[in-house]
Amino acid sequence: MSETATATAGNVADVEAISAGIDDMYDAFLAVDQERFDSHLHAEVTTWETHLPGPLRTRAELDAYREKRDRSGRPALDGLSARDKRIDVWGDTGVARYVLVAEPPGGPAEHSRVTDVLRRTDGAWRIVHHHSELLGH
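So, here's what we can say about the structure. Predicted model only: the values in this text are computed from it and were never measured. (Residues numbered from 1 in each chain as written. Predicted model: local features only at pLDDT ≥ 70, side-chain atom pairs only at ≥ 80, totals over all residues. Heavy atoms only, no water.)

**Looking at the overall build of the protein chain**
From N to C terminus, the protein chain includes 3 helices and 6 strands. Its helices and strands in sequence order give the protein chain the pattern β-α-α-β-α-β-β-β-β, from N to C terminus. Since a compact globule built from 137 residues should have a radius of gyration of about 14 Å, the 15 Å found for the protein chain is in line with a globular shape. Reported as C-alpha extents along the three principal axes, the dimensions of the protein chain are approximately 45 × 30 × 25 Å. A burial count over the protein chain gives 38% of its 137 residues as buried. Considering only contacts in the protein chain between residues 6 or more positions apart, those separated by 24 or more positions represent 46%. Here the protein chain holds 16 positive side-chain charges and 24 negative ones, and the gap between their average locations is 4 Å. (Helix = DSSP H or I, 4+ residues; strand = E, 2+ residues; numbered from the N terminus. Rg over C-alpha atoms; globule rule 2.2 N^0.38 Å. Buried < 20%, exposed > 50% of the residue type's maximum accessible area, 1.4 Å probe, protein only. Contact = heavy atoms within 4.5 Å. Lys, Arg positive; Asp, Glu negative; His and termini not counted. Charge placed at Lys NZ, Arg CZ, Asp CG, Glu CD.)

**What to know about helix H1 (residues 12–30)**
For H1, spanning 19 residues, the distance from its first C-alpha to its last is 27 Å, which sits close to the expected 27 Å at 1.5 Å a residue. All of the buried residues in H1 are Asp14, Val15, Ile18, Ser19, Gly21, Ile22, Met25, Tyr26, Ala28 and Phe29. (Expected span 1.5 Å × (residues − 1).)

**Digging into the pattern of salt bridges**
In a structure, side chains of opposite charge can pair up when their charged atoms sit close to one another. Under the definition given, this model contains 10 salt bridges. Salt-bridge contacts for Asp92 lead to Arg120; the nearest nitrogen and oxygen are separated by 2.7 Å. Placement of Asp92 in the loop between strand E3 (79–90) and strand E4 (93–103) and of Arg120 in strand E5 (residues 110–121) is noted, with a sequence separation of 28 residues between them. Exposure remark for Arg120: the relative accessible area of 26% places this residue in the partly exposed category. (Salt bridge = Lys/Arg side-chain N within 4 Å of Asp/Glu carboxyl O.)

**As for the pairing of E4**
Pairing geometry for E3 and E4, over 10 bridges, is antiparallel. The partner of Trp90 across the bridge, within E4, is Thr93. Counted along the chain from E3 to the antiparallel partner E4, the turn is 2 residues long, and its residue Gly91 has a positive phi close to 65°. With 10 bridges connecting them, E4 and E5 associate as antiparallel partners. In the strand pairing of E5, Tyr98 is matched with Val114. Here E4 hands over to E5 after 6 residues, with Gly106 in that stretch at a positive phi of 70°. (Pairing = 2+ DSSP bridges.)

**Regarding the nonpolar core**
Ile18, Tyr26 and Tyr98 are the most contacted members of the largest nonpolar core, which has 27 residues in total. Counting residues per element, the ones that place at least two in this core are H1, strand E2 (41–49), helix H3 (59–72), E3, E4, E5 and strand E6 (124–136). Per element, the largest residue contribution to this core is 7 residues, and it comes from H1. Sequence-distant contacts of Tyr26, defined by excluding residues within four places in its chain, comprise Leu80, Ala82, Tyr98, Leu100 and His130. (Core = buried A, V, L, I, M, F, W, Y, C linked by side-chain atoms within 4.5 Å.)

**Structural notes on the environment of Val45**
By the element assignment, Val45 lies in strand E2. You can call Val45 buried: its relative accessible area is 1%. Linking Val45 and His129, residues 84 residues apart in sequence, is a C-alpha distance of 5.3 Å. Once residues lying within four places of it in the same chain are set aside, the contact partners of Val45 are Leu56, Arg57, Thr58, Arg59, Ile127, Val128 and His129.

Quick look at the structure:
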């Protein structure tokens with residue numbers, strides 16, 4: 001198992017697949033590759049984050065939020081990484097908890113506590129619920 005993820009339940013291959021998927025999702029965000037980012041999300045993903053105007057209950061609601069956000073300026077980041085991952089898997093359900101570190105250019109890093117609930121669908125892990133709470137700098 002990688003040094004970036006620990007598990008108390010589930011097999012190593014599933015834990016590693018979820019860990020790698022989370023890393024790829026944030027790499028895709030930095031690369032401005034929305035299609036790749038979205039490949040990690042279930043179509044009915046719920047998204048609850050500190051900065052959002054309220055809970056977003058589908059990917060369509062998330063897309064509408066992102067379209068509005070991008071018109072006013074997509075956040076610029078030098079780095080975005082999931083740290084201290086703890087991932088558990090039970091059959092086709094997984095839960096990942098981690099600290100998301102966002103590094104804006106020239107500013108202090110922001111840390112958020114994240115919980116993602118995933119479901120294996122058609123052989124791939126997809127996030128069905130994403131909850132993120134800003135902890136501060």
